[in-house]
Amino acid sequence: MTAPGTSRALAGKTALITGGGSGIGLAIARAFSAEGARLVLLDTDLPAAEAAAQSLGKAIAIQGNVTQRADVARACDAALEKFGSLDIVLANAGVSQNQPTLDVTDADWQRVMDINCTGVFLTAQEAGRRMIDQGGGVILMMASMYGLVAAPGRLGYCVSKAGVVMMAKALAVEWAAHGVRVNAIAPGYVDTPFLQDLFDRGRLDPAKLKGRTPIGRLISPEEVARAAVFLARDESDGVTGHVLSVDGGWTAYGYI
Ligand SMILES: NC(=O)c1ccc[n+]([C@@H]2O[C@H](COP(=O)([O-])OP(=O)(O)OC[C@H]3O[C@@H](n4cnc5c(N)ncnc54)[C@H](O)[C@@H]3O)[C@@H](O)[C@H]2O)c1
């Protein structure tokens, strides 16, 4: 795997990143930009997306919600209008849900499924339609190790991320003939505002998490970004329908 920024392998390509204003999405935006990509950052948090776009250079920020088809379509069209192509899309926007299942309301369940699952579907479908017209592209989906293994008190999150894993596989086989590759990334515990929020609310204990991770630490957003760059580059042309774990060995670990 070549280090990001050393090859400019994404020069001339345009990437749309949902949830690009913070955390993992922002780290991947930086890594794609270092590779020469132009960026469209779609986020509900416009100031965050604008600050990110300004710091990156060839990038625009769009306020929108991935649960709204019109917002996603607008972001895809902005890539085409402003930069002339839509080559890579990262369906990254997502929220956590960490509560005992008996306390989950209909609204709680609907929210996590809407953002984490339907949002990825809408993003993939709107981008995929344009990529197929264009002759190909790369779709990346942010799953989680909790789409592969389960944790108590995280039913909606686990189910939504398992849905993302299967969406990547199902679309990979459906769109391969159109030159569209679809892969998912399944991070472990990544040091982001998303995770800090769970630490702050006492929902998770950082020491326990590090102790459970074979590499003995949290994953950095930059480590996830390096995996995304690999999957976005042409060097991974033969890779589609794959779920790349970046979890420090968490899901491989089966001891006490
Ligand atoms: N942090 C982790 O440990 C971890 C681990 C595995 C997977 N993930 C996944 O990675 C993705 C990014 O997480 P993060 O840790 O960077 O979170 P984050 O909270 O730091 O960033 C998420 C971004 O998405 C935006 N967003 C939220 N809902 C949105 C919506 N409906 N439409 C558009 N934008 C929206 C937020 O405004 C924010 O900028 C999520 O899908 C999450 O499930 C995170």
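Keep in mind that this is a model prediction, so the values were computed, not measured. (Residues numbered from 1 in each chain as written. Predicted model: local features only at pLDDT ≥ 70, side-chain atom pairs only at ≥ 80, totals over all residues. Heavy atoms only, no water.)

Participant: I'd like to hear about the layout of surface pockets, residue by residue, with values.
Facilitator: Of the pockets and cavities examined, the largest pocket occupies roughly 860 Å³. Along the wall of the largest pocket there are 38 residues; nearest its centre are N92, A93, G94, V95 and F194. Elements with a minimum of two residues in the lining of the largest pocket: α1 (23–34), β2 (38–43), α4 (106–134), α5 (155–175) and α6 (193–200). For the lining of the largest pocket, the leading source of residues is α6, giving five residues. Surrounding the second largest pocket, 13 residues form its lining, Y189, R203, L204, K208 and L209 being those nearest its centre. In the lining of the second largest pocket, the residues fall into seven nonpolar, one polar and five charged. (1 Å grid on protein atoms, 1.4 Å probe; cavity = no way out; pocket = protein on both sides within 12 Å on 5 of 7 lines; lining within 4 Å. Points joined across faces, edges and corners; volume = space filled by probe spheres on them. Helix = DSSP H or I, 4+ residues; strand = E, 2+ residues; numbered from the N terminus. Nonpolar A, V, L, I, M, F, W, Y, C, P; charged D, E, K, R; others polar.)

Participant: Before we move on, could you go through a nonpolar patch on the surface and cite the residues and values that matter?
Facilitator: Nonpolar side chains collect at one region of the surface, where W109, L155 and V159 lie side by side and expose about 230 Å² of accessible area between them. Mapping W109 onto the fold places it in helix α4. Assessed through its relative accessible area of 31%, W109 is described here as partly exposed. (Patch = residues over 30% accessible without salt bridge, like charges linked within 9 Å, V, L, I, M, F, W, Y side chains within 5 Å. Areas by Shrake-Rupley, 256 points an atom, 1.4 Å probe, with all protein chains shown as cover. Salt bridge = Lys/Arg side-chain N within 4 Å of Asp/Glu carboxyl O. Buried < 20%, exposed > 50% of the residue type's maximum accessible area, 1.4 Å probe, protein only.)

Participant: Which residues make up the packing of aromatic side chains, and what values go with them?
Facilitator: Using the criterion set out here, one finds two aromatic pairs in the structure. An angle of 75° between the planes, with centres 5.9 Å apart, marks the rings of Y146 and Y189 as edge-to-face. Of this pair, Y146 sits in the loop between β5 (137–142) and α5 while Y189 sits in the loop between β6 (180–187) and α6, and the two are 43 residues apart along the sequence. An angle of 65° between the planes, with centres 5.3 Å apart, marks the rings of Y189 and W250 as edge-to-face. Here Y189 is found in the loop between β6 and α6, whereas its partner W250 is found in the segment after β7 (243–246), with 61 residues between them in sequence. Comparing Y189 with W250 shows no difference in burial state: the two are buried. Taken together, the aromatic side chains of Y146, Y189 and W250 make up a single cluster linked through ring pairs. The lysine or arginine in question, R154, covers the ring of Y157, its NZ or CZ lying 5.2 Å from the ring centre. A cation over an aromatic ring shows up here: R212 above the ring of W250, its NZ or CZ 4.2 Å from the ring centre. (Phe/Tyr/Trp six-rings, centres within 6.5 Å; stacked < 30°, edge-to-face > 60°. Lys NZ or Arg CZ within 6 Å of the ring centre and 35° of its normal.)

Participant: Got a sec to walk through the site of the ligand? Specific residues and values, please.
Facilitator: Taken together, 26 residues lie near the ligand, and S22, I24, D43, Y157 and V190 sit nearest. Between the ligand and the protein, one listed contact pairs an oxygen atom with a side-chain N or O atom of S22 at 2.8 Å. Judged by the proximity of its atoms to the pocket grid, the ligand belongs to the largest pocket. Going through the elements one at a time, α1, α5 and α6 are the ones with two or more residues in the shell around the ligand. (Near = heavy atom within 4 Å. Polar contact = N/O pair within 3.5 Å; in protein donor to acceptor, adjacent residues only side chain to side chain. Sits in = over half its atoms within 2 Å of the grid points.)

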